[in-house]
Amino acid sequence: GESVGLHLPTLSVQEGDNSIINCAYSNSASDYFIWYKQESGKGPQFIIDIRSNMDKRQGQRVTVLLNKTVKHLSLQIAATQPGDSAVYFCAERSGGSYIPTFGRGTSLIVHP
Amino acid sequence: GAVVSQHPSWVICKSGTSVKIECRSLDFQATTMFWYRQFPKQSLMLMATSNEGSKATYEQGVEKDKFLINHASLTLSTLTVTSAHPEDSSFYICSATGGGPTNYGYTFGSGTRLTVV
């Protein structure tokens, strides 16, 4: 989950569709994962989190899935709305550190 | 919920001047604050971690003399960009947490857009 200086991948969906945003991480010691939403010109906003002793957690219209075997995290957004258009970042943290590491982010574009 | 206020939201300054950005936790005590820099269409790059009452820990490649961080109280951290140059233009974001490894909350400020002309 190291952030790198590359341009963001983009996911385009139609309003009402379900969106799935993926994130891969590399640190097998990571035990806490967070998804953030960042709108243009603003700071990241917390969406949902999950600890490593779980493999699924649901919020309002969002679900986070964690697959520790392949070190993969996903964010599912149900019935995507234009207001969901933003950049989504995953972040991970290992038990030995309190510093989260951010992934590169995915730009979600929702077409009305 | 936890709220972090960052000020100013945007600033334009002349080359060679210094700019101070403030980050305040409004309803919790932020024992640790993080400062990030973000370039357009890129992820957040951690610049430094500051713990209240102690010196900040800078990430590799970040000049501590150029980016001065002060975390004098449990609710306030400041980032001062000294002798700013156009290449310092960027989006700076702070984040705060109220505890160490056992705390699971990170709250972000709204960011500061710095433009150096």
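Residues numbered from 1 in each chain as written. Chains lettered and ligands numbered in written order. Predicted model: local features only at pLDDT ≥ 70, side-chain atom pairs only at ≥ 80, totals over all residues. Heavy atoms only, no water.

With that settled, consider the overall build of chain A. The helix and strand inventory of chain A stands at 0 helices and 10 strands. Counted from the first residue to the last, chain A has its helices and strands arranged as β-β-β-β-β-β-β-β-β-β. Across its three principal axes, chain A shows a C-alpha extent of roughly 45 × 30 × 20 Å. Sorting the 112 residues of chain A into buried and exposed places 42% on the buried side. Across chain A, every contact between residues at least 6 apart in sequence was considered, and the portion connecting residues at least 24 apart equals 55%. A total accessible area of about 5,600 Å² is found for chain A, and carbon and sulfur atoms account for 47% of it. Distance from the positive charge centre (10 side chains) to the negative charge centre (9 side chains) of chain A: 4 Å. (Helix = DSSP H or I, 4+ residues; strand = E, 2+ residues; numbered from the N terminus. Buried < 20%, exposed > 50% of the residue type's maximum accessible area, 1.4 Å probe, protein only. Contact = heavy atoms within 4.5 Å. Areas by Shrake-Rupley, 256 points an atom, 1.4 Å probe, with all protein chains shown as cover. Lys, Arg positive; Asp, Glu negative; His and termini not counted. Charge placed at Lys NZ, Arg CZ, Asp CG, Glu CD.)

This paragraph deals with the sheet that holds strand E3 (residues 19–25) of chain B. All names here are of chain B. Overall, antiparallel pairing links the 4 strands, which are arranged E1-E3-E8-E7 in an open sheet. The open sheet is flanked by strand E1 (4–7) and strand E7 (67–73), the only strands paired with a single partner. Each strand axis lies, on average, 15° off the axis of its neighbour in the sheet, ignoring direction. Strand direction decides the pairing type here: E1 and E3, joined by 4 bridges, are antiparallel. When the bridges of E3 are listed, Gln-6 appears paired with Cys-23. (Pairing = 2+ DSSP bridges. Axes fitted to C-alpha atoms, helices over the stretch in contact; angles between N-to-C directions.)

Residues and elements named next belong to chain B. Per the stated rule, a full pass over the model turns up 2 disulfides over all chains. Across the disulfide from Cys-23 sits Cys-94; the S-S distance is 2.0 Å. In this structure, the disulfide formed by Cys-23 and Cys-94 twists by about 80° around the S-S bond and is classed as right-handed. Of this pair, Cys-23 sits in strand E3 while Cys-94 sits in strand E9 (residues 90–97), and the two are 71 residues apart along the sequence. The pair Cys-23 / Cys-94 is uniform in exposure class, with both members buried. (Disulfide = S-S within 2.5 Å.)

Let us look at the pattern of salt bridges. Scanning all chains against the criterion turns up 6 salt bridges over all chains. Residue Glu39(A) pairs with Lys37(A) through a salt bridge whose shortest N-O separation is 3.4 Å. Residue classification places Glu39(A) among the partly exposed positions, given a relative accessible area of 23%. Across the pair Lys66(B) and Asp88(B) runs a salt bridge whose closest N-O atoms are separated by 2.9 Å. Of the two residues, Lys66(B) sits in the loop between strand E6 (57–58) and E7 while Asp88(B) sits in the loop between strand E8 (76–81) and E9, which places them 22 residues apart along the sequence. Using a relative accessible area of 11% as the deciding quantity, one classes Lys66(B) as buried. Within this structure, Lys37(A), Glu39(A) and Lys42(A) form a network of salt bridges that share partners. (Salt bridge = Lys/Arg side-chain N within 4 Å of Asp/Glu carboxyl O.)

This brings us to the sheet that holds strand E7 (residues 72–77) of chain A. All names here are of chain A. Spatially, E2-E7-E6-E5 is the arrangement adopted by the 4 strands of the open sheet, whose pairing is antiparallel. This sheet does not close on itself; its edge strands, each paired only once, are strand E2 (19–24) and strand E5 (56–58). Neighbour to neighbour, the strand axes of the sheet diverge by 15° on average, direction disregarded.

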